[in-house]
Amino acid sequence: MQELHDAPLAPLTTFRLGGPANRLLTATTDAEVIDAVREADATGTPLLIIGGGSNLVIGDKGFDGTALRIATRGVELRGTTLELAAGEVWTDAVARTVEAGLAGIECLAGIPGSAGATPIQNVGAYGQEVSATLTEVVAYDRRSGETVTLTNEECAFSYRHSRFKADPDRYVVLRVRFALQDAGGLSAPVKYAETARALGVAVGDRAPLATVRDTVLKLRAGKGMVLDPEDHDTWSAGSFFTNPILTDAEFAAFRARVRERLGEEVEPPAYPAGQGHTKTSAAWLIDKAGFTKGYGSGPARISTKHTLALTNRGGATTEDLLALAREVVAGVRAAFGITLVNEPVTVGVSL
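Small disclaimer: the values here were computed from a predicted structure and weren't measured.

Cut-off values and rules
- Residues numbered from 1 in each chain as written.
- Predicted model: local features only at pLDDT ≥ 70, side-chain atom pairs only at ≥ 80, totals over all residues.
- Heavy atoms only, no water.
- Helix = DSSP H or I, 4+ residues; strand = E, 2+ residues; numbered from the N terminus.
- Expected span 1.5 Å × (residues − 1).
- Buried < 20%, exposed > 50% of the residue type's maximum accessible area, 1.4 Å probe, protein only.
- Arc of directions from axis to C-beta.
- Contact = heavy atoms within 4.5 Å.
- 1 Å grid on protein atoms, 1.4 Å probe; cavity = no way out; pocket = protein on both sides within 12 Å on 5 of 7 lines; lining within 4 Å.
- Points joined across faces, edges and corners; volume = space filled by probe spheres on them.
- Nonpolar A, V, L, I, M, F, W, Y, C, P; charged D, E, K, R; others polar.
- Core = buried A, V, L, I, M, F, W, Y, C linked by side-chain atoms within 4.5 Å.

Draft legend 1. Quick look at helix H7 (residues 248–262). Over its 15 residues, H7 runs 21 Å from end to end, which matches the ideal 21 Å to within 8%, given 1.5 Å per residue. Among the residues of H7, those classed as buried are Phe 251, Phe 254 and Val 258. Along the axis of H7, the buried positions cluster into a sector of 60°, meaning they face one direction only. The exposed set on the far side of H7, more than 90 degrees from its buried face, consists of Ala 249 and Glu 260. Among the structural elements, strand S15 (245–247), strand S17 (277–279), helix H8 (282–288) and helix H9 (318–336) are those in contact with the buried residues of H7. One or two positions beyond H7, positive phi appears at Gly 263, with a value near 120°.

Draft legend 2. Representation of the layout of surface pockets in the model. Empty space within the second largest pocket amounts to approximately 430 Å³. Along the wall of the second largest pocket there are 24 residues; nearest its centre are Thr 14, Gly 51, Gly 52, Gly 113 and Leu 227. Within the lining of the second largest pocket, the residues separate by chemical class into 10 nonpolar, 9 polar and 5 charged.

Draft legend 3. A look at H9. End to end, H9 covers 27 Å across 19 residues, agreeing with the expected 27 Å (1.5 Å per residue, within 8%). Packed against the buried residues of H9 are strand S4 (56–58), H7, H8, strand S18 (300–302) and strand S19 (310–312). Where H9 ends, the next residue or the one after it, Gly 337, has phi of about 75°, a positive value.

Draft legend 4. Looking closely at the nonpolar core. Residues Val 33, Leu 68, Leu 84, Trp 90, Val 137, Val 176 and Phe 178 are the most contacted members of the largest nonpolar core, which totals 54 residues. Per-element accounting of this core gives the leading share, 6 residues, to strand S13 (residues 171–179). When residues no more than four places from it in sequence are discounted, the contact partners of Leu 84 are Gly 74, Val 75, Trp 90, Ala 93, Ala 115, Leu 174, Arg 175, Val 176 and Phe 178. Of all hydrophobic cores here, the second largest spans 35 residues; its members include Phe 251, Leu 321, Val 328 and Ala 335.

Following this line, the structure appears as structure tokens:
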């Protein structure tokens, strides 16, 4: 297991921000992951788990403890069953399933990060979430000191949330398992209107798997959501804020604020989110509060392609990024009475 001291962490994140860790371990097997976690727990050493680094905001002072980078590898396809080691690159795994003619995660193409992170955040995009196809998560339980297998139901998935996110210091994901579908080379039913329009099909229809994947990649790239080292719009964590889910009363108050601010004819985005709840669009809120694409004058700015992405234009610090995020949160709250919640995990800092 590789071990480095006073190791830079910024290169391990898609923001390219953050100070060093006292110690950085890189584990390439499940056994190495477990050994490193047990050692940290036995000695009371703070531990930071790093996968693809696409959902991390690390403070400029770095991390006073051990950072464990999970670089395990392994892809196993048995019929329609898929098992991935936690360190597998997610977008590569999606490509493998499309090549194998298996449907279920094709709309999650291009999402940066590792396979092991997907159940933590219940990663979703373009009408699909991993919770729809994930069957089991194999994890090391730091409380019991044992390796456990959690079913989909036990993962307690909800919108951008899970049991792992609710109790972040308990489980370390080792492997994820999925049940996919052989639909004769076709995708799962297309659920997202933007994707359907781009494909030229109706919502609920299927389309060729490779075409769906390629279409999603083009849509994501157009919003700066596919990693490109030459494109500063992709020096981000993707969507920085989650879409707010409001109670009926909260949505009514929000709707009134919208009409007061923008005019009686303006209707805010509204999507069903369970009984008594409505989801609205964080990107719409940010834009209508005055934070348009490219907003900012410093090294941290809103993406020129998507208002939901905060970006490092090169030379930014984490404090630059957080100052921008706080400005956006305060502006949206003042305009619409809604407090945005950051999606990336913060380390040593907070909004």
